[in-house]
Amino acid sequence: MTNQDASSLPPSRFIRQHFLVILAISLSLVIPCFWHRHIQAGDLPSHVYNAWLAQLITQGQAPGLYLTHRYDNVLFDLGLFHAANLFGLPAAEKTVVSFAVLIFFWGVFSFVHAVTQRPPWFLAPAIAMLAYAYAFNMGFFNYYLSIGLACFALAFAWRAKAGNRAGNWLLAILIAPLVLLAHPMGFLWLVGTLAYRLLRQHLPGWWKLALPLSATAAFLSLHWYFAHRATFPVDWEAPPIYLLTGADQLILYGDRYVTLSWAALAFGVLCVAAEFLHRPSTANEPASWKKFIPVLELYGVSFIATALLPENLRPPGNSGWIGLIVSRLTVITAIFGLCLLAQLHPRKWHLVGFAALAAIFFSFLYRDSAWLNRLESNTESVLAPLPYGTRIIPTIAAPPDWRITFIAHIADRACIHHCFTYSNYEAPSQQFRVRTIPQGSPLVTSSEDDAEDMEGGSYEIQATDPPLLQLYQCDPRDRTKLGVRPLHEGDTTASPVLPPQSH
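Residues numbered from 1 in each chain as written. Predicted model: local features only at pLDDT ≥ 70, side-chain atom pairs only at ≥ 80, totals over all residues. Heavy atoms only, no water.

(A) Structural detail: helix 17 (residues 325–342). Helix length check: helix 17 (18 residues) gives 27 Å between terminal C-alpha atoms against 26 Å at 1.5 Å per residue, within 8%. Counting buried residues along helix 17, 18 of its 18 residues qualify, which places the element largely inside the surrounding structure. (Helix = DSSP H or I, 4+ residues; strand = E, 2+ residues; numbered from the N terminus. Expected span 1.5 Å × (residues − 1). Buried < 20%, exposed > 50% of the residue type's maximum accessible area, 1.4 Å probe, protein only.)

Shown next, in the form of structure tokens:
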């Protein structure tokens, strides 16, 4: 079967032909969702906790809180909430996250397949690593779902030029609202990439260069505006250039992930170099490198965007920060990087190399998620005896060399059916389904800034605050050991044991 034939196969026929392989890969993919009692993924416990709050709201048992209807940033939360109503929160968490992983992996696989007109089986280990990389471990599951669904929509749109043109476009259009319901960033990427591709198809010859140049100019203009004209807070970060290649997605828990990300980047470069060194007679022929140009342009534009955009910003009229923008967007750069690698002639040593990197990555991830599960078990032991309705502020800090710092949300999940996390940021942020009424709620602070200060250790207890307990790490030699103490007026939420957290 030729590449063109493979790319034009209907998805249903492709699935039938490769059913056993797809099933085996899918079952292997979800193993990390079940290898410990809880899935450890940064903000995930907060999503689960707020699904419980949503249940309490519908039952009239959450004073001062209400649910709002949103058209974006809610798809994962809706799935979690409805699944929890069917078979409980623990099973819902495992099920919905597993589906999210499968959507992300097979979405990326399908997009790469459509771009290169060849199933990227040899890249399956690399796509699996990306599926469990930064976006997953930070718990950004609405964003994560939006990228996976956007990849499916892009795959159908890419295939529209062959076979069932109208049907493929219809499927892409039908998926687009789900992408927006998940997260606006994925939707903007979908629309921008489709517009880029359609315009490029209709521009002749050298006029195609106008697209990457125009995109670069647009991002330069945005950079200038945010740096010199924005009247709202804007934070910038200057990571090493190599991190903007998408390699940063593998940096999670400690310095050994940095070494692994370097190794993955170096191996990818080696694969490309070997392609041209192995076939010197064809390397100079236009047909041998011309196929790389469209994806290389998209990769370059993505790289430039992450180099010029701010990391965090807080637009006027929005009570919450739009955070970790660049750190999220490098997953798109990584996807375009996979498209570039998939253009290479597949070789056995490619698969062996990526499989070895994946084995190391998942062994690291198993060890670190086991540590987090031990921390959560200790959290549950401390919180379980508390009377129902107790309000806590967790100040749980990650080890200093960790990039995944949202581990304090472990207390959110441990609070379910026992207590309330007063520093829960979702309700006051006005960016999620669960919100506080203007008069406030006895269950959660009404200020996102206060919520951030509480968990960051800089909040001073006020006379108007309700009775609060602080959950803190009580042994600097073992950060999994926790204790609780009452907080009084004038106390701060700084840890009484650990040094102040850096910001």
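Still more ground to cover, so stick around.
(B) Just the side chain of Thr116, in detail. Counting through the fold element by element, Thr116 comes out in helix 6 (residues 89–116). Here Val112 takes part through its backbone oxygen, which lies 2.7 Å from a polar atom of the side chain of Thr116. In terms of polar contacts, Thr116 uses its side chain to reach the backbone carbonyl oxygen of Arg118, at 3.2 Å. Filtering out sequence-adjacent residues up to four positions away, Thr116 remains in contact with Cys339, Ala342 and Gln343. (Polar contact = N/O pair within 3.5 Å; in protein donor to acceptor, adjacent residues only side chain to side chain. Contact = heavy atoms within 4.5 Å.)

(C) Just the packing of helix 9 (residues 141–158) against helix 10 (residues 165–182), in detail. Between helix 9 and helix 10, the least distance of the axes is 8 Å, while the angle of their chain directions is 170 degrees. When the axes of helix 9 and helix 10 are compared, the pair comes out roughly antiparallel. Of the residues in helix 10, those touching helix 9 at Asn142, Tyr143, Leu145, Ser146, Leu149, Ala150, Phe152, Ala153, Phe156 and Ala157 are Asn168, Trp169, Leu171, Ala172, Ile175, Leu178, Val179 and Ala182. Partitioning the contact of helix 9 with helix 10 into residue classes produces 15 nonpolar, three polar and no charged. (Axes fitted to C-alpha atoms, helices over the stretch in contact; angles between N-to-C directions. Parallel < 35°, antiparallel > 145°, perpendicular 65-115°, else oblique. Nonpolar A, V, L, I, M, F, W, Y, C, P; charged D, E, K, R; others polar.)

(D) Summary view of the sheet that holds strand 7 (residues 468–473). The strand order across the open sheet built from four strands is 5-4-7-8, with neighbouring strands paired in mixed fashion. Because the sheet does not close on itself, it has two edges, and the strands there are strand 5 (419–421) and strand 8 (482–487). Strand-to-strand twist in this sheet, taken as the mean axis angle between neighbours without regard to direction, amounts to 35 degrees. (Pairing = 2+ DSSP bridges.)

(E) Region of interest: unusual backbone geometry. Non-glycine residue His417 carries a positive phi angle of around 75 degrees. By the element assignment, His417 lies in the loop between helix 19 (410–415) and strand 5. According to the relative accessible area criterion, His417 is exposed, its value standing at 56%. In this model, Gln430 sits at a positive phi of 60 degrees, which is unusual for a non-glycine residue. In this structure, Gln430 sits in the loop between helix 20 (426–429) and strand 6 (434–436). With relative accessibility at 27%, the residue Gln430 sits in the partly exposed group.

(F) Spotlight on the state of the cysteines. Counted under the stated rule, the structure contains one disulfide. Between Cys33, a cysteine without a disulfide, and Cys151, which holds the nearest cysteine sulfur, the sulfur-to-sulfur distance is 18 Å. Lacking any disulfide linkage, Cys151 is separated from the closest cysteine sulfur, that of Cys339, by 7.9 Å. (Disulfide = S-S within 2.5 Å.)

(G) Structural view of the packing of aromatic side chains. Tallied over the entire structure, the rule returns 33 aromatic pairs. Each ring, one from Trp35 and one from Tyr366, has its centre 5.1 Å from the other, and the planes form 85 degrees; the classification is edge-to-face. In this pair, Trp35 is assigned in the loop between helix 3 (19–29) and helix 4 (44–58) and Tyr366 in helix 18 (residues 348–383), connecting sequence segments 331 residues apart. For Trp35, a relative accessible area of 23% puts it in the partly exposed group. Classification of Tyr366 by relative accessible area gives partly exposed; the value is 41%. Taken together, a centroid distance of 5.2 Å and an interplanar angle of 80 degrees make the contact between Phe136 and Phe141 edge-to-face. With respect to burial, Phe136 and Phe141 carry one shared label: buried. The lysine or arginine in question, Arg328, covers the ring of Tyr143, its NZ or CZ lying 5.7 Å from the ring centre. Here the basic side chain of Arg433 rests over the ring of Phe81, its NZ or CZ set 5.0 Å away from the ring centre. (Phe/Tyr/Trp six-rings, centres within 6.5 Å; stacked < 30°, edge-to-face > 60°. Lys NZ or Arg CZ within 6 Å of the ring centre and 35° of its normal.)

(H) Region of the structure containing the environment of Leu243. With respect to the helices and strands, Leu243 occurs in the loop between strand 2 (234–235) and helix 13 (255–278). Given a relative accessible area of 14%, Leu243 falls into the buried group.

(I) Region of interest: the pattern of salt bridges. For the coordinates displayed, the defined rule picks out 11 salt bridges. Among the salt bridges present, the one from Arg37 reaches Glu380, with a minimum N-O distance of 2.6 Å. With Arg37 in the loop between helix 3 and helix 4 and Glu380 in helix 18, this residue pair connects regions lying 343 residues apart in the sequence. For Glu297, the salt bridge goes to Arg200, with nearest N and O atoms at 3.0 Å. Remark: Arg200 occurs in helix 11 (residues 184–202) and Glu297 occurs in helix 16 (residues 293–308); sequence separation between them is 97 residues. The same class applies to Glu297 as to Arg200, namely buried. (Salt bridge = Lys/Arg side-chain N within 4 Å of Asp/Glu carboxyl O.)

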